[in-house]
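Architecture and fold: a report
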Amino acid sequence: MGTPDVEAVWRIESARIVAALTRFTGDFGLAEDAAQEAVAEALVSWPHAAPANPAGWLTATARRRAIDAIRRRAALQDRYALLAADLAVNSAAEEGVDPDRIDDDVLALMFVSCHPVLSPEARVALTLRVVGGLSSEEIARAFLVSVPTVQARITRAKKTIAAARVPFELPAAGERRERLAGVLSVLYVIFTEGSTATSGDRLLRPDVAYEAIRLARTLAALQPDEPEVHGLLALCELTAARFPARTAPDGSPILLEDQDRRRWDISAVRRGLAALARASARGLGPYGLQAAIAATHASAPSVEATDWDRIVVLYEALGRVAPSPVVELNRAVAVAMASGPARALAIVDELIAADRLPGSHLVPTVRGELLARLGRRPEARAELELAARLCANQRERSVLLRKAAALS
Amino acid sequence: MPKYLLIMRGTDESNAAMMADIDEMMATTRQFIEEMVKAGVLLAAEGLDDPARSVVVDFSGEAPVVTDGPYGETKELFGGFFLLDVASKQEAVEWAKRVPAARGSKIEVRRVPGSDEVPQVGE
């Protein structure tokens, strides 16, 4: 137990180390590479000689590797540049650690990782790698892609950031909120991937979802005055609270109406409600409204006893601040619960007429359910079979096929 | 992510050492808590009152017997806790090593099973 665990220390320290190195060198890609080299060295040397201060050891080693890299580059380019760079790095290293600055550094790291010049996949990979401290292997496992694919995404992303000359700094105040929305959406994409795996044979990847929650908590600690950060955190906590009840022992999904609510994680519900309270200081944004919907579910003892009228109102509000066909579809489901399937079917049919969710299995899933409730069984069955054909998650698909079969 | 409880187990000696420099201990503890909050891992943290003010309900007889004070002798006392949401036991241990604990005290790292692991009522 004496030797510090490299992986564990890295997880705790990586964001701060990479952030501090980026500030020292002014080169995000170089900082990330140097930090990775330090980890590789730690894996070799710690079992032989355990450092007294593991975080300091990693930082110092990474800084030395960064200086080496700058020297190598400079040797090929310009002796003067070498001197200038070396001087800059060394004087920065002597500055010591300013805790206030570290917070800004980690926040800047989040903004750089989620920069709009990057593709959405690259933002996700880079955020998990440099802010979350996940390895390429872990990211590959989480997103069911190969390790070389993840590595290529990260390398490309670092090049893109360098080529676009993205500065390592917090966005200007005016731009901050807009860019923050981008950071939030990256965290939400990561969470969503964990809470409903978009493909593959598992419904949930809780480790991915919990990583997103940890990053959301970090962001909430760094940006405590942004209600939507708390809104996102609340939404994630309240959604994750249902995880223990969402899958049967064999891994098949259990729908909301069949879930044993005693299995919902009460502590997560409590944390979610607390975050929601902080989110609602000045009226709720899109994440806060979704969290409020999740909170309404969480405080109901059963599907029947749920305040569906309130959920319809919340979806209407969500449709105004963040209109999307998925919101419309969810509103239709809530309307069906509050005032019957006929009115809900009209909303779904409008969506189909406008062709606003082409190719999604969600539209025929909902339409099939509504038709079944209206007693139009052959039509319902056809819709559910169509939904199964369009669905990429095997677990969800088998539930759809089972429902369709039950209608014959 | 699994949850771990870091249980502060002080002794009479370490508690006395802590009280001698309580201001500094409070400041470093606050810093440490802030660090865990910013890492997104802290779920809850509480310190407990002086054990002399506690009460023990003893179930060794037929009816519960209520007495003052926690133990006959106080070699190790449950003094407070941090509840962490971390990726591994190793990570919990690394956090535990960073707790500004007074010399002579111990920290116990205990896993908190997820609600899906606890046997449910009526099953």
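Shown above is the structure to which this text applies.
Quick caveat: nothing in here was measured; it's all calculated off a predicted structure.

Analysis parameters
- Residues numbered from 1 in each chain as written.
- Chains lettered and ligands numbered in written order.
- Predicted model: local features only at pLDDT ≥ 70, side-chain atom pairs only at ≥ 80, totals over all residues.
- Heavy atoms only, no water.
- Helix = DSSP H or I, 4+ residues; strand = E, 2+ residues; numbered from the N terminus.
- Buried < 20%, exposed > 50% of the residue type's maximum accessible area, 1.4 Å probe, protein only.
- Contact = heavy atoms within 4.5 Å.
- Areas by Shrake-Rupley, 256 points an atom, 1.4 Å probe, with all protein chains shown as cover.
- Lys, Arg positive; Asp, Glu negative; His and termini not counted.
- Salt bridge = Lys/Arg side-chain N within 4 Å of Asp/Glu carboxyl O.
- Core = buried A, V, L, I, M, F, W, Y, C linked by side-chain atoms within 4.5 Å.
- Phe/Tyr/Trp six-rings, centres within 6.5 Å; stacked < 30°, edge-to-face > 60°.
- Pairing = 2+ DSSP bridges.
- Axes fitted to C-alpha atoms, helices over the stretch in contact; angles between N-to-C directions.
- Left-handed = near helix turned anticlockwise from the far one by under 90°.
- Nonpolar A, V, L, I, M, F, W, Y, C, P; charged D, E, K, R; others polar.
- Expected span 1.5 Å × (residues − 1).
- Polar contact = N/O pair within 3.5 Å; in protein donor to acceptor, adjacent residues only side chain to side chain.

**Observations regarding the overall build of chain B**
Tallying secondary structure elements over chain B gives three helices and six strands in all. Counting helices and strands in the order they occur from the N terminus, chain B gives β-α-α-β-β-β-β-α-β. Across the 123 residues of chain B, 28% fall into the buried class. Restricting the contact set of chain B to residue pairs at least 6 apart, pairs at least 24 apart contribute 78%. Within the structure as shown, chain B displays about 7,600 Å² of accessible surface, and the carbon and sulfur contribution to it stands at 55%.

**Section: the side chain of Arg 242 of chain A**
All names here are of chain A. Along the polypeptide, Arg 242 turns up in the loop between α11 (227-240) and α12 (243-246). We note that Arg 242 is buried and unpaired, the nearest opposite charge coming from Glu 257 at a distance of 9.9 Å. Filtering out sequence-adjacent residues up to four positions away, Arg 242 remains in contact with Leu 256, Gln 259, Trp 264, Ala 294 and His 297.

**What to know about the nonpolar core**
Of all hydrophobic cores here, the largest spans 122 residues; its most connected members are Leu 21, Leu 58, Leu 109, Leu 126, Leu 128, Phe 191 and Leu 219 of chain A. Membership of the second largest hydrophobic core comes to 16 residues, among which are Ile 12 of chain A together with Ala 39, Leu 84 and Val 86 of chain B.

**Describing the packing of aromatic side chains**
If you walk through the whole model with that rule in mind, you get six aromatic pairs over all chains. Judged by centre distance (5.6 Å) and plane angle (70°), the rings of Tyr 188 of chain A and Tyr 287 of chain A are edge-to-face. Of this pair, Tyr 188 of chain A sits in helix α9 (residues 173-195) while Tyr 287 of chain A is found in helix α14 (residues 286-298), placing the two residues 99 residues apart along the sequence. Of the residues examined, Tyr 188 of chain A reaches a relative accessible area of 24% and is grouped as partly exposed. Residues Phe 32 of chain B and Phe 82 of chain B carry aromatic rings whose centres are separated by 5.5 Å and whose planes lie at 75° to one another, so their mutual orientation is edge-to-face. Here the residue Phe 32 of chain B occupies a position in helix α2 (residues 22-38), and Phe 82 of chain B occupies one in strand β5 (residues 77-85), the gap between them amounting to 50 residues. Each member of the pair Phe 32 of chain B and Phe 82 of chain B is classed as buried.

**Some thoughts on the pairing of strand β1 (residues 3-10) of chain B**
Residues and elements named next belong to chain B. Within β1, six of the eight residues are buried, leaving the element largely enclosed by the surrounding structure. Bridging between β1 and β5 involves eight bridges; their strand directions are antiparallel. By the bridge assignment, Leu 6 is partnered in β5 with Phe 82.

**Overview of the packing of helix α1 (residues 6-25) of chain A against helix α2 (residues 28-45) of chain A**
Residues and elements named next belong to chain A. It is the contact of α1 with α2, at a shortest axis distance of 9 Å, that shows an interaxial angle of 145°. Pair α1 / α2 crosses with right-handed handedness. Facing Val 6, Trp 10, Ile 17, Val 18, Leu 21, Thr 22 and Thr 25 of α1, the residues of α2 in contact are Phe 28, Leu 30, Ala 31, Glu 32, Ala 34, Ala 35, Gln 36, Val 39, Ala 42 and Leu 43. For the contact of α1 with α2, the per-class residue count stands at 13 nonpolar, three polar and one charged.

**Details of helix α16 (residues 325-339) of chain A**
All names here are of chain A. Under the 1.5 Å per step criterion, the end-to-end length of α16 is 20 Å for 15 residues, consistent within 8% with the ideal 21 Å. Those residues of α16 that fall on the buried side of the exposure criterion are Pro 325, Val 327, Glu 328, Leu 329, Arg 331, Ala 332, Ala 334, Val 335 and Ala 336. For α16, the elements touching its buried residues are α15 (308-321), α17 (341-353) and α18 (362-373). For α16, the capping residue at the N-terminal end is Ser 324, with a side-chain oxygen 3.2 Å from the backbone nitrogen of Val 326. Positioned one or two residues after α16, Gly 340 has a phi angle of 95°, which is positive.

**Topic: the pattern of salt bridges**
Under the definition given, this model contains 32 salt bridges over all chains. Glu 383 of chain A serves as the salt-bridge partner of Arg 367 of chain A, at 2.6 Å between the closest nitrogen and oxygen. Pair noted here: Arg 367 of chain A is in helix α18 and Glu 383 of chain A is in helix α19 (residues 377-390), with a separation of 16 residues, a long-range link. The buried category is assigned to Glu 383 of chain A, whose relative accessible area is 15%. Glu 379 of chain A is paired through a salt bridge with Arg 376 of chain A; the nearest N and O atoms lie 2.9 Å apart. For Arg 376 of chain A, a relative accessible area of 32% translates into the label partly exposed. Taken together, the shared-partner salt bridges connect Arg 11, Glu 211 and Arg 214 of chain A together with Glu 91 of chain B into one network.

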